[in-house]
Amino acid sequence: KCRVAVLISSIGSNMRALIEASREFDSHFEVMVVISNEPAASGLEAAREAGVPFVCCIPHTEDRVHGDMRMHKILEAHAIDLICCSGFMRILSKEFVSHWHHRIVNVHPALLPAFKGSHAIRDALEAGVHMTGCTVHYIEEEVDAGEIIEQTRIEIPPGTTLERLREMIQAEEHVIYTHAVNELARKMMEHDFPR
Ligand code: 3YE
């Protein structure tokens, strides 16, 4: 099976969805490692409780590349094939991204390329658009600009609150992220993706 690592900063709701999906009979991946950059992330405890084999915190340091290198070493040591960001709120260094090119993905709560950035849900609502969604994409050095893997559109009914829209998008993220990761995992294993 494809060996997956999940990066979180907080509750990591997509992390939980990924762990559950990995335990379905038709899954092509296993969550081997969870890393948070925040010591207080509740997702750390959730990952331990769920029985993820290796769970740790790597607080970010002043030197971004140094912090990323510490993560990189752990990921290498666990022979990770694919990295999934799940509410991970750090910009990854060029060095890290190039090491893991096409092996690191993210889910973003908007229809990229629309509404990049860390306030995408609020920005879409405030812009008054009638349609938003979520996007699974590869990570490139430029934030939220990597190749799109899967997208779902979500209609915004009149009067939708920010909280409600957040819930609607999150529910859809769980569906497309688990699907996209399972498909990537299947392809990587089939084609013996070179490490
Ligand atoms: N890194 C690269 N490319 C990407 N990280 C994420 C996606 C993505 C990526 O496509 N190279 C918010 C980052 C936005 C931010 O400015 N973070 C600060 C620190 C804030 C904090 O620690 O609370 C920073 O300096 O990194 C994942 C989503 C990134 C969200």
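Residues numbered from 1 in each chain as written. Predicted model: local features only at pLDDT ≥ 70, side-chain atom pairs only at ≥ 80, totals over all residues. Heavy atoms only, no water.

## Observations regarding the pairing of strand 4 (residues 82–86)
A regular strand places its side chains on the two faces of the sheet in alternate fashion. Most of strand 4 is tucked away, with five of its five residues classed as buried. Residues L82, C84 and S86 line one face of strand 4 and the alternating positions I83 and C85 line the opposite face, and both faces are buried. The pairing of strand 1 (residues 2–8) with strand 4 spans five bridges and is classified as parallel. Each residue of the ladder has a partner; that of V4, found in strand 4, is L82. By the bridge criterion, two bridges tie strand 4 to strand 5 (residues 104–108) in an arrangement that is parallel. If you follow C84 over to strand 5, its bridge partner there is V105. The parallel pair strand 4 and strand 5 is bridged by helix 4 (residues 94–99), and the resulting crossover is right-handed. (Buried < 20%, exposed > 50% of the residue type's maximum accessible area, 1.4 Å probe, protein only. Helix = DSSP H or I, 4+ residues; strand = E, 2+ residues; numbered from the N terminus. Pairing = 2+ DSSP bridges. Right-handed = clockwise from strand over helix to strand, strands pointing away.)

## Some words on the site of the ligand
Lining the immediate surroundings of the ligand are 16 residues, of which R64, R90, I91, E140 and D144 lie closest. For the ligand, a nitrogen atom lies 3.0 Å from a polar atom in the backbone of M89. Within the backbone of R90, one N or O atom sits 2.8 Å away from a nitrogen atom of the ligand. The protein chains hide 77% of the 690 Å² of surface that the ligand would expose on its own. Judged by the proximity of its atoms to the pocket grid, the ligand belongs to the largest pocket. Looking at side-chain class alone, the shell around the ligand contains seven nonpolar, three polar and six charged residues. (Near = heavy atom within 4 Å. Polar contact = N/O pair within 3.5 Å; in protein donor to acceptor, adjacent residues only side chain to side chain. Areas by Shrake-Rupley, 256 points an atom, 1.4 Å probe, with all protein chains shown as cover. 1 Å grid on protein atoms, 1.4 Å probe; cavity = no way out; pocket = protein on both sides within 12 Å on 5 of 7 lines; lining within 4 Å. Sits in = over half its atoms within 2 Å of the grid points. Nonpolar A, V, L, I, M, F, W, Y, C, P; charged D, E, K, R; others polar.)

## Considerations on the packing of helix 5 (residues 120–127) against helix 6 (residues 162–190)
Close contact between helix 5 and helix 6 brings their axes to 10 Å; oriented N to C, the two are set at 120°. Viewed along their axes, helix 5 and helix 6 adopt a mutual orientation that is oblique. The way helix 5 lies across helix 6 gives a crossing that is right-handed. Here I121, R122 and L125 of helix 5 lie close against helix 6, whose contacting residues are L162, L165, R166 and I169. In terms of residue class, the contact of helix 5 with helix 6 is built from five nonpolar, no polar and two charged. (Axes fitted to C-alpha atoms, helices over the stretch in contact; angles between N-to-C directions. Parallel < 35°, antiparallel > 145°, perpendicular 65-115°, else oblique. Left-handed = near helix turned anticlockwise from the far one by under 90°. Contact = heavy atoms within 4.5 Å.)

## As for the pairing of strand 1
Among the seven residues of strand 1, six are classified as buried, and the element is accordingly described as predominantly covered. Across seven bridges, strand 1 lies against strand 2 (residues 29–36) in parallel orientation. Opposite R3, over in strand 2, you have E30 as the bridge partner. Once the chain exits strand 1 it traverses helix 1 (residues 13–22) before rejoining the sheet at strand 2, and the crossover so formed is right-handed.

Nothing here speaks to function; it is all geometry.
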